[in-house]
Amino acid sequence: TLYNRWKRWSDNGVFARIMVGLAAKDTDPRTIMTDATYLKAHRTACSLRAKGGGRGRQIDRTTDAKGRPIRFFMSAGQVSDYTGAAALEHSLPQADWLLVDRGYDADWLRKALQDRGIKSCTIGRKSRKKTVTYDNRRYKRCKRIEIMSGRLKDSRRVVTRYDRCRETYLSVIALATTVLFWL
């Protein structure tokens, strides 16, 4: 059936490889952006409750300078942004700048990026004792990743998760981003 083929291709990562292959061909490597967005699972995907983390999930995504997605990672809905950054940190492409919002302000992340030769443009948290300087003009470009999230959430299948399996849901996201941004 069609679903069985979709599930098999999702488990083999076909849709993710298509998106990553198209992204690798036409990505601007100078500036990348990372952010997370919360997505709610539909009640028919209630098997998620048994696995922990409630019905919500968080998608951590990395985009190029034009706001086109190049990486995705799914985490539990109640985790903080820099927990997702720890998972994405090693898979980030080599870039000159990483633009992230206040949720990613952590000293260990700044040090890890500095060791890789990536400059971070992050607003410091309000609770930070020592203020952090950042390039305001460059930081304003972060709105592109929010615009990408809005365009992606126009798809009903993406904004409300009906799939119980993580791989099939990530395939829906990969297919939607491929059609919206790379074709």
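Criteria and cut-off values
Residue numbers restart at each chain and count upward from 1, following the sequence in its written direction. Where totals are concerned, whole chains, interfaces and linings use all residues; where local detail is concerned, this predicted model gives features only for residues with pLDDT of at least 70, and gives and counts side-chain atom pairs only at 80 or more. With hydrogens and water set aside, each side-chain value is computed from the structure's full complement of heavy atoms. Helix and strand definitions follow DSSP, with helices as H or I runs of at least four residues and strands as E runs of at least two, each counted in order from the N terminus. Using a 1.4 Å probe on the protein chains alone, a residue whose accessible area is under 20% of its type maximum counts as buried, one over 50% counts as exposed, and one in between counts as partly exposed. Whether two residues are in contact is decided by their heavy atoms: any pair within 4.5 Å suffices. For this quantity, the arc is that covered by the directions from the helix axis to the C-beta atoms. Counted as salt bridges are all cases of a side-chain nitrogen of Lys or Arg within 4 Å of a carboxyl oxygen of Asp or Glu. In short, DSSP must find at least two bridges between two strands for them to pair. Assignment of crossover handedness uses the view with strands pointing away from the viewer, where a clockwise path from the first strand over the helix to the second indicates a right-handed crossover. Axes here refer to lines fitted to C-alpha atoms; in helices the fit is confined to the stretch in contact. Angles between the N-to-C directions go from 0 to 180 degrees. Angle categories: roughly parallel below 35 degrees, roughly antiparallel above 145, roughly perpendicular from 65 to 115, and oblique for all the rest. Take the far helix as your reference; a near helix turned counterclockwise from it by less than a right angle gives a left-handed crossing, and one turned clockwise gives a right-handed crossing. As a working rule, the residues Ala, Val, Leu, Ile, Met, Phe, Trp, Tyr, Cys and Pro are called nonpolar, Asp, Glu, Lys and Arg charged, and the rest polar, with Gly in that last group. pLDDT is defined as a per-residue confidence score from the predictor, taking values between 0 and 100. The definition of a nonpolar core used throughout is a set of buried Ala, Val, Leu, Ile, Met, Phe, Trp, Tyr and Cys residues joined through side-chain atoms within 4.5 Å.

Peer 1: What's the story with the side chain of Thr177 in this structure? I'm lost.
Peer 2: Counting through the fold element by element, Thr177 comes out in helix H9 (residues 166-182). Owing to a relative accessible area of 0%, Thr177 belongs among the buried residues under this scheme. Ignoring sequence-local partners within four residues, the contact set of Thr177 consists of Met19, Pro69, Phe72, Leu152 and Trp182.

Peer 1: Sorry, what's going on with helix H7 (residues 143-152) here?
Peer 2: Three- or four-residue spacings in an α-helix give side chains the same orientation, since the helix completes a turn every 3.6 residues. Every buried residue of H7 is listed here: Ile145, Met148, Ser149 and Leu152. Within H7, the buried residues cover an arc of 100° as seen down the axis, which keeps them to one side. Looking at H7, the residues exposed on the side facing more than 90 degrees away from the buried face are Lys143 and Ile147.

Peer 1: Help me understand the pattern of salt bridges, please; the structure alone is not making it clear to me.
Peer 2: For side chains bearing opposite charge, pairing can occur when the charged atoms are close. The final tally for this structure, using the stated rule, is 5 salt bridges. Linking Asp64 and Arg68 is a salt bridge whose minimum nitrogen-to-oxygen distance equals 2.9 Å. With relative accessibility at 0%, the residue Asp64 sits in the buried group. Note that Arg110 is salt-bridged to Asp105, the shortest N-O span being 3.0 Å. In this pair, the class of Arg110 matches that of Asp105, namely buried.

Peer 1: Teacher, can you tell me more about the pairing of strand E4 (residues 97-100) here?
Peer 2: Two faces, one strand: in a regular strand the side chains alternate between the faces of the sheet. Of the two faces of E4, both are covered, the one formed by Trp97 and Leu99 as well as the one formed by Leu98 and Val100. By the bridge criterion, 4 bridges tie E4 to strand E5 (residues 119-122) in an arrangement that is parallel. Bridge pairing in E5 links Leu98 to Ser120. Note on the crossover from E4 through helix H5 (residues 107-115) to E5: the handedness is right-handed.

Peer 1: Could you clarify how one ought to interpret the side chain of Thr63 in this entry?
Peer 2: Note that Thr63 resides in strand E2 (residues 56-64). Looking at Thr63, the relative accessible area reads 0%, which means it is buried. The contacts of Thr63, once residues within four sequence positions are left out, are Thr31, Ile32, Met33, Arg68, Pro69, Ile70, Ile145 and Met148.

Peer 1: Can you walk me through the packing of H7 against H9 in this structure?
Peer 2: A pair of packed helices can be characterised by two numbers: the angle between their axes and the separation between those axes. Their axes nearest at 10 Å, the elements H7 and H9 cross at an angle of 110°. One finds that H7 runs roughly perpendicular with respect to H9. Considering how the two elements wind past one another, H7 and H9 form a crossing that is right-handed. For the pair formed by H7 and H9, the contact residues are Met148, Arg151 and Leu152 on the first element and Ile173, Ala176, Thr177, Leu180 and Phe181 on the second. Considered class by class, the residues forming the contact of H7 with H9 number 6 nonpolar, 1 polar and 1 charged.

Peer 1: Would you explain the confidence of the model for the protein chain in this entry?
Peer 2: Reading fine detail from the predicted coordinates is not recommended where pLDDT is low. Predicted confidence across the protein chain gives a mean pLDDT of 79, with 88% of residues reaching 70 or more. The least confident element of the protein chain, judged by mean pLDDT, is helix H3 (residues 47-50) at 50; the most confident is helix H1 (residues 2-11) at 90.

Peer 1: Explain the nonpolar core to me, please; I cannot follow it from the model alone.
Peer 2: A general trend in soluble globular proteins is that nonpolar side chains are found buried together. With 39 residues, the main nonpolar core has Ile59, Leu98, Val158, Tyr169 and Ile173 as its most contacted residues. If you list the elements that add at least two residues to this core, you get helix H2 (14-25), strand E1 (31-41), strand E3 (69-76), E4, H5, H7 and H9. Considering every element that reaches this core, the biggest residue donor is H9, with 8 residues. In this structure, Ile59 is in contact with Asp35, Ala36, Thr37, Leu39, Phe72, Phe73, Met74, Tyr169, Leu170 and Ile173, ignoring residues within four places of it in sequence.

Peer 1: Before we go on, may I ask you to explain the environment of Asp101 in this structure?
Peer 2: Its location among the elements puts Asp101 in the loop between E4 and H5. Since its relative accessible area comes to 23%, Asp101 is described here as partly exposed. Counting along the chain gives 23 residues from Asp101 to Gly124, while the straight-line C-alpha distance between them is 8.6 Å. With residues up to four places along the chain from it excluded, the contact list for Asp101 reads Thr34, Asp35, Asp81, Thr122 and Tyr139.

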